[in-house]
Amino acid sequence: MKLFAAPGTISVAVAIALEEAGVGYDLHMLDFASGAQRDAAYRAINPKGRVPALALDSGTVLTETGAILDFIAAHDPRLMPADPVHAAQARAVMYYLASTMHVNHAHKMRGHRWADTEAAHADMAAKVPQTMTDSATYVEENCIAGPYVLGAHFSIADCYLYLVCTWLPGDGVDMAPFPRIRAFMDAMEARHSIEVMRTKGLLA
């Protein structure tokens, strides 16, 4: 398999899950600074021009973080609980991250997706510390049983949540009021998969 990713982006959640599952993959790093994600060569792989994309040996290309994480969990059942209620709880966190928290974060540097004027872009960027703090509050109060999303059971939801939470300080969020998130991040930092991400240059 080949994973198309970029440092610090949500694609790193997929790389973490692949490491946790012990699945072999080739890492293809895209240079966002040069716009490589918009090049015709990459759009032939993922027409959305975004990461992640996971190219399977069969030739099938999977996109969307949650879908790829579910695919990885199908290969390693340890990464998703068998209990359907607990599995739905994990996915509820992932869907919140995809539909709300990631979008809040994107308003800082991707305002052109929603508006055309520089003033509108600036207004959206200025709102990010508030909306990301609001999202962090929701996560703190509703998404972490401790130490992980599902308590002691590590799952693909933790890969997703960890990466999104790495954005919080840069988005102007004061982490002091969020002890559960800080404890979660400490638990994640102790995992070997996170060390591998830094070795590969996917995390600072």
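The rules we used
Residues numbered from 1 in each chain as written. Predicted model: local features only at pLDDT ≥ 70, side-chain atom pairs only at ≥ 80, totals over all residues. Heavy atoms only, no water. Pairing = 2+ DSSP bridges. Helix = DSSP H or I, 4+ residues; strand = E, 2+ residues; numbered from the N terminus. Axes fitted to C-alpha atoms, helices over the stretch in contact; angles between N-to-C directions. Contact = heavy atoms within 4.5 Å. Buried < 20%, exposed > 50% of the residue type's maximum accessible area, 1.4 Å probe, protein only. Polar contact = N/O pair within 3.5 Å; in protein donor to acceptor, adjacent residues only side chain to side chain. Salt bridge = Lys/Arg side-chain N within 4 Å of Asp/Glu carboxyl O. Core = buried A, V, L, I, M, F, W, Y, C linked by side-chain atoms within 4.5 Å.

Caption draft 1: Region of the structure containing the sheet that holds strand S4 (residues 61–63). What the four strands build is an open sheet, ordered S2-S1-S3-S4; its pairing is mixed. Across the chains shown, the open sheet's two edge strands, defined by having one partner strand only, are strand S2 (26–29) and S4. When strand polarity is set aside, the average angle formed by the axes of neighbouring strands in this sheet is 20°. Direction of pairing for strand S1 (residues 2–5) relative to S2: parallel, over a ladder of four bridges. Its bridge partner being in S2, Leu 3 is matched across the sheet by Leu 27. Where helix H1 (residues 11–21) meets the sheet, its contacts fall on S1 and strand S3 (53–55), and the angle it forms with S1 comes to roughly 150°.

Caption draft 2: Geometry of the environment of Ile 194. Its place among the elements puts Ile 194 in helix H8 (residues 192–199). In the structure, Ile 194 is positioned 169 residues away from Tyr 25 in sequence and 16 Å away in space, judged by C-alpha atoms. Beyond its immediate sequence surroundings of up to four residues, Ile 194 is in contact with Ile 16, Tyr 162, Met 188, Glu 189 and Leu 203.

Caption draft 3: Layout of helix H6 (residues 156–166). Counting buried positions over the eleven residues of H6 gives ten, a clear majority of the element. Along H6, the positions that sit buried rather than exposed are Ile 156, Ala 157, Asp 158, Cys 159, Tyr 160, Leu 161, Tyr 162, Leu 163, Val 164 and Cys 165. In this structure, the buried side of H6 is in contact with H1, helix H3 (65–75), helix H4 (84–106), helix H5 (118–142), helix H7 (179–189) and H8.

Caption draft 4: Layout of the environment of Thr 133. By the element assignment, Thr 133 lies in helix H5. Spatially, the C-alpha atoms of Thr 133 and Pro 169 are 10.0 Å apart, while their sequence positions differ by 36 residues. Setting aside its immediate chain neighbours within four residues, Thr 133 contacts Val 128, Val 173 and Phe 178. Within the structure, Thr 133 has its side chain in polar contact with the backbone oxygen of Pro 129 (distance 2.6 Å).

Caption draft 5: Here's a closer look at unusual backbone geometry. Geometrically, the link from Val 51 to Pro 52 is a cis peptide bond, its omega value of 5° lying close to zero. In the segment running from Gly 146 into Pro 147, the intervening peptide bond is cis, with an omega of 0°.

Caption draft 6: Highlighting the pattern of salt bridges. Applying the stated criterion to the full structure yields six salt bridges. The partner of Asp 76 in a salt bridge is Arg 78, with the nearest N and O atoms 2.6 Å apart. Overall, the relative accessible area of 56% leaves Arg 78 in the exposed class. Across the pair Glu 189 and Arg 198 runs a salt bridge, and its minimum N-O distance is 2.8 Å. For Arg 198, a relative accessible area of 36% translates into the label partly exposed.

Caption draft 7: Focus on the pairing of S1. As defined by bridge partners, S1 adjoins S3 across three bridges and the pair is classed as antiparallel. Counted as the bridge partner of Leu 3 is Leu 54 from S3.

Caption draft 8: Highlighting the nonpolar core. The biggest cluster of nonpolar side chains holds 61 residues, and the ones touching the most others in it are Leu 168, Ile 181 and Met 197. Residue assignment for this core shows that the elements contributing at least two residues are S1, H1, H3, H4, H5, H6, H7 and H8. In terms of residue count, H6 provides more of this core than any other element does, nine residues in total. If we ignore the near neighbours within four places in the chain, the residues touching Ile 181 are Ala 136, Val 139, Glu 140, Ile 144, Cys 165, Leu 168 and Met 175.

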